[in-house]
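Survey of secondary and tertiary structure
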Amino acid sequence: MPTNPAKTKLIIEHKHEVPLMSCVFSPNGRHLLAGGRDASIACIDVANGKKTALAGHESWVGDMARAGNDLVLTSDYVGHVIAWDCSGDLPKLRWNIEAHPCTIRALAVSADGRSFATGDRDGALRLWHCADGQLLRELPRSEHPIYGIALHPDGKRIVTADRQPKKPTIKVCDLASGSELLKIEVPELSGYRNVEDIEWGGIRGLTLTPEGALIIACGRGGYDGPASLLLYDTNSGKLHRKLASTMKGFSYTARCHRDGFIMAASGEIAKGEFRAWHRDEDKSLADTATSGPCTCLDIHPDHKRFAITQAIGKSSYPETGVVAFYEWEG
């Protein structure tokens with residue numbers, strides 16, 4: 001029976017000492033790893049709820065992704081990537097590399113789990129080998145910070161999103177040569193303010209539908225608009241659909257369920273939500289409010305449950321975090 005995204009049930013919440021920004025389930029589904037504004041990673045046993053701090057990073061932990069049969073990759077704000085072997089009772093550090101000299105803003109793993117790509121705040125883009133962290137190639141640099149990466153399931157293309165002021169841009173490039181195949185300007189997700197000369201908006205997350213037909217860009221509609229997802233055709237760059245929340249704020253993360261719907265984690269000051277859409281319909285299928293901004297969402301490998309991270313606080317600068325586990329009923 002297909003999953004009904006409207007029938008969700010909160011299983012448990014775990015409070016955390018600092019705001020959280022990312023999360024991912026291990027490939028075997030046994031653990032959830034969550035990272036945020038400290039150097040440790042919160043590792044939660046899905047079965048019994050036991051939380052363990054994993055040490056290895058030296059700064060805030062940013063993007064993360066699962067790779068292959070037993071690896072989770074995590075990145076940080078001083079440019080390191082760590083591979084965690086998740087095959088045992090607790091994840092263990094397999095390798096730790098200095099991938100960039102500055103903050104890594106985006107990380108993505110290939111569909112076959114053999115390679116991963118990283119992008120940093122200075123626009124550098126690199127491809128690596130998952131098994132040992134060896135550099136495979138340096139790809140053409142962006143002139144602006146890279147805030148999203150996706151490796152196409154065909155193994156031939158890489159999709160990136162930058163935070164260019166006034167017109168955040170998505171590029172589809174040939175993975176082997178680095179040559180640009182498609183360029184999509186996304187001014188609708190810009191929050192540029194001339195008075196401050198700051199881009200408050202931009203593309204905050206990027207993913208592809210499982211077959212690679214659509215690019216999903218996460219962000220906000222203008223300076224003070226709704227949390228939004230923009231879906232583009234990967235081959236033509238044509239806008240397929242805009243999926244907008246009723247809540248003002250940012251969509252930070254989108255994930256695709258195997259039953260065909262898209263989930264997004266979103267937030268603004270002191271409140272958040274997660275929401276589901278069918279990719280061919282404007283009206284959302286379900287939405288659930290949360291006590292704080294939702295910064296990330298990941299679907300368990302069994303596609304029967306999911307987790308969200310939150311950054312909790314009354315002001316624009318949050319103070320604590322929450323990991324919440326949900327399941328779909330029925």
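Above this text you will find the structure in question.
Everything in this summary refers to the structure shown in the same document.

**Observations regarding a nonpolar patch on the surface**
On the surface, Ile198, Trp200 and Tyr223 cluster together to form a nonpolar patch covering roughly 280 Å² of accessible area. Along the chain, the position of Ile198 falls in strand 19 (residues 198-199). When its relative accessible area of 34% is taken as the criterion, Ile198 is described as partly exposed.

**Remarks on the sheet that holds strand 9 (residues 92-98)**
An order of 6-7-8-9 is seen for the four strands of this open sheet, with the pairing classed as antiparallel. Strands at the two margins of the open sheet, each flanked by one partner only, are strand 6 (61-67) and strand 9. Across this sheet, the average inter-strand angle for adjacent strands is 20°, counted without regard to direction. Alignment of strand 6 against strand 7 (residues 71-76), held across five bridges, turns out to be antiparallel. Within the sheet, the bridge partner assigned to Ala65 lies in strand 7 and is Leu73.

**Re the side chain of Ser190**
Checked against the element boundaries, Ser190 lands in the loop between strand 17 (180-185) and strand 18 (192-193). Residue classification places Ser190 among the buried positions, given a relative accessible area of 10%. For Ser190, the side chain forms a polar contact with the main-chain nitrogen of Tyr192, separated by 3.3 Å.

**Observations concerning the pattern of salt bridges**
Tallied over the full model, the rule gives 18 salt bridges. Salt-bridge contacts for Glu138 lead to Arg126; the nearest nitrogen and oxygen are separated by 2.9 Å. Taken together, the residues span a long stretch of sequence, with Glu138 in strand 13 (residues 135-139) and Arg126 in strand 12 (residues 125-129) at a distance of twelve residues. With relative accessibility at 44%, the residue Glu138 sits in the partly exposed group. Classification of Arg126 by relative accessible area gives buried; the value is 15%. Across the pair Glu185 and Lys167 runs a salt bridge, and its minimum N-O distance is 3.6 Å. One end of the pair, Glu185, is in strand 17; the other, Lys167, is in the loop between strand 15 (157-162) and strand 16 (169-174), and 18 residues separate them in sequence. Owing to a relative accessible area of 41%, Glu185 belongs among the partly exposed residues under this scheme. Here the salt bridges share partners, and the residues they tie into one network are Arg66, Arg255 and Asp298.

**Notes on the packing of aromatic side chains**
Tallied over the full model, the rule gives ten aromatic pairs. When the ring of Phe306 is compared with that of Tyr326, the centres are 5.2 Å apart and the planes differ by 5°; the resulting orientation is stacked. With Phe306 in strand 29 (residues 305-312) and Tyr326 in strand 30 (residues 320-328), the pair connects residues that are 20 residues apart, well separated along the chain. In terms of burial, Phe306 and Tyr326 fall into one category: buried.

Scoring rules and cut-offs
Residues numbered from 1 in each chain as written. Predicted model: local features only at pLDDT ≥ 70, side-chain atom pairs only at ≥ 80, totals over all residues. Heavy atoms only, no water. Patch = residues over 30% accessible without salt bridge, like charges linked within 9 Å, V, L, I, M, F, W, Y side chains within 5 Å. Areas by Shrake-Rupley, 256 points an atom, 1.4 Å probe, with all protein chains shown as cover. Salt bridge = Lys/Arg side-chain N within 4 Å of Asp/Glu carboxyl O. Helix = DSSP H or I, 4+ residues; strand = E, 2+ residues; numbered from the N terminus. Buried < 20%, exposed > 50% of the residue type's maximum accessible area, 1.4 Å probe, protein only. Pairing = 2+ DSSP bridges. Axes fitted to C-alpha atoms, helices over the stretch in contact; angles between N-to-C directions. Polar contact = N/O pair within 3.5 Å; in protein donor to acceptor, adjacent residues only side chain to side chain. Phe/Tyr/Trp six-rings, centres within 6.5 Å; stacked < 30°, edge-to-face > 60°.

Geometry only, nothing functional implied.
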